[in-house]
Amino acid sequence: MPPGLAYSDRRGRVYFDEHSEPLADGGSIRAPQPSELIAAPPGTIIAMLPARRPILAGERVAIRRTALAVLLPAGYTRLLLPAYRTESAAPALPLFGYTFACVRDDALHVGAMRTDEREDWAPRSFGLGELEALVAERCARDPANRVLQQLSVCALEYGCFTAQNVFLEVGEAALPTSPRCNARCIGCISELDLDAGIPSPQTRISFETTAPELARIAVAHLERVPNGIVSFGQGCEGEPLLRSTTLAATIARIRAARSNGTINCNTNGSRPKQLATLIDAGLDAVRISLNAFRPAAYAAYYRPAGYGLDDVLESVRLAVQRGLRVSLNLLTHPGVTDDAGEVRAMEEFLREVRVNLIQTRTLNIDPEVYFAAVGRPEEPLGMRYALARMRELGVRVGNFTHTH
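Residues numbered from 1 in each chain as written. Predicted model: local features only at pLDDT ≥ 70, side-chain atom pairs only at ≥ 80, totals over all residues. Heavy atoms only, no water.

Caption draft 1: Inspection of the overall build of the protein chain at higher detail. A count of helices and strands for the protein chain gives 11 helices and 20 strands. Against the compact-globule benchmark of 22 Å for 404 residues, the protein chain has a radius of gyration of 21 Å, which places it among compact chains. Its C-alpha atoms put the protein chain at 65 × 50 × 40 Å along the principal axes. Counting the 404 residues in the protein chain, one finds 57% classified as buried. For the protein chain, the proportion of contacts with a sequence separation of at least 24, taken over those separated by at least 6, is 76%. A total accessible area of about 16700 Å² is found for the protein chain, and carbon and sulfur atoms account for 50% of it. Taking the 44 positively charged and 45 negatively charged side chains of the protein chain as two groups, their mean positions are separated by 2 Å. (Helix = DSSP H or I, 4+ residues; strand = E, 2+ residues; numbered from the N terminus. Rg over C-alpha atoms; globule rule 2.2 N^0.38 Å. Buried < 20%, exposed > 50% of the residue type's maximum accessible area, 1.4 Å probe, protein only. Contact = heavy atoms within 4.5 Å. Areas by Shrake-Rupley, 256 points an atom, 1.4 Å probe, with all protein chains shown as cover. Lys, Arg positive; Asp, Glu negative; His and termini not counted. Charge placed at Lys NZ, Arg CZ, Asp CG, Glu CD.)

Caption draft 2: Quick look at the nonpolar core. Counting 86 residues, the largest nonpolar core has Phe-293, Tyr-301, Leu-350 and Val-355 as its most contacted members. Ranked by residue count, the leading element in this core is helix α8 (residues 309-321), at six residues. One finds Leu-68, Val-70, Tyr-76 and Leu-108 within the second-largest nonpolar core, a separate group that totals nine residues. (Core = buried A, V, L, I, M, F, W, Y, C linked by side-chain atoms within 4.5 Å.)

Caption draft 3: The arrangement of unusual backbone geometry in detail. Positioned with a positive phi, Asp-105 is a non-glycine residue whose angle comes to about 55°. Unusually for a residue other than glycine, Asp-106 sits at a positive phi of about 60°. On the accessibility criterion, Asp-106 (54% relative accessible area) is exposed.

Caption draft 4: Broad picture of the sheet that holds strand β3 (residues 24-25). Strands sit in the order β4-β3-β10 across an open sheet of three strands; the sheet is antiparallel. The open sheet terminates on both sides in strands that have one partner only, identified here as β4 (29-30) and β10 (81-82). Note that β3 and β10 share two bridges and pair antiparallel. Across the sheet, Ala-24 pairs through a bridge with Pro-82, a residue of β10. (Pairing = 2+ DSSP bridges.)

Caption draft 5: The sheet that holds strand β15 (residues 229-232), seen in detail. Across the sheet, which stays open at both edges, the seven strands sit in the order β14-β15-β16-β17-β18-β19-β20 with parallel pairing between neighbours. Only two strands of the sheet have a single partner each, and these edge strands are β14 (172-175) and β20 (396-398). Averaged over all adjacent pairs, the angle separating strand axes in this sheet is 25°, with direction ignored. Looking at chain direction, β15 and strand β16 (residues 262-267) are connected through four bridges and run parallel. Looking at β16, one finds that Val-230 is bridged to Ile-263. Packed onto the sheet, helix α5 (residues 244-257) meets β15 and β16 and runs at close to 165° relative to β16. (Axes fitted to C-alpha atoms, helices over the stretch in contact; angles between N-to-C directions.)

In structure tokens:
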């Protein structure tokens, strides 16, 4: 039996209609395949899509119901977008990863697949005041540390896992460093996109952090988490390679005090020479972000200033050659990541350069805004196919930073 429609009313209440068959958007509007659907995992969030009407099989016009989507928990990769038609004067969608949802056997199902598992990235809940107490206790141990104050906002207000990890003393801990960036991503998550009028979900760090305050957080974390990770480059900041001198000094301070754990940098990879400086200082791992292996699609989203995709790919080559653990933070989007031309470009690069891991990250953006920038696909092959090709090339696919 085909899946049924899950939809919303204008007040955000959710309904199921198992007699109406919804279509999905995989770059083209089509019926979802059974292999593309799973039961909604714990931590799934339902999102109403205001002034957008779901498209049904056999219908020439969208029905007068409000479309809905879901937001996936960490560890899952989106396979399908919701298919809808947008009314005039519809508001811009906030920066979330909108995923197709439907009903099967009277239960919500989503267009996704499980791609990684880590307990420290599972959906979290805290007792009343529990996290606040941990934040207050940690900040009291280093009251002058501005980075801790920033991380307290990220942990409590934004629910950032890597910020929370600093206070929970587990896993990968955030070390935000840079208020500036050399990319102007459409829908930046830490700065208002003035061109598109898209509000960011969080406020970017407003000061340049120093090596002593960064190192104090990192050393304390590695003292308590033997196999822990400390990471420059977080969602609340700009590009860390713009502060390579400070970061190199920070790495030296960390390694003077601790030999355990992993020092990682999350970066857009725009400045290979500055990345080499961090490697010389003792950087262990790097995660380089990109949305595509084709220059036009990359530039359309990142809108880079003073660099291009060639510089990004050169940083990947450099890090592999220097023996770092190299991950690609691939911002995935059905209809772009799985377009035939994109898959060919990806395969060409990954045959040449052997990275350790591709972290598939759902690109948080209004799908209409993204397609308007990078274009609709010529030949969408399906996200499951694109992920399978990565694995067939011998690359591990996941969602989290790993130490092995």
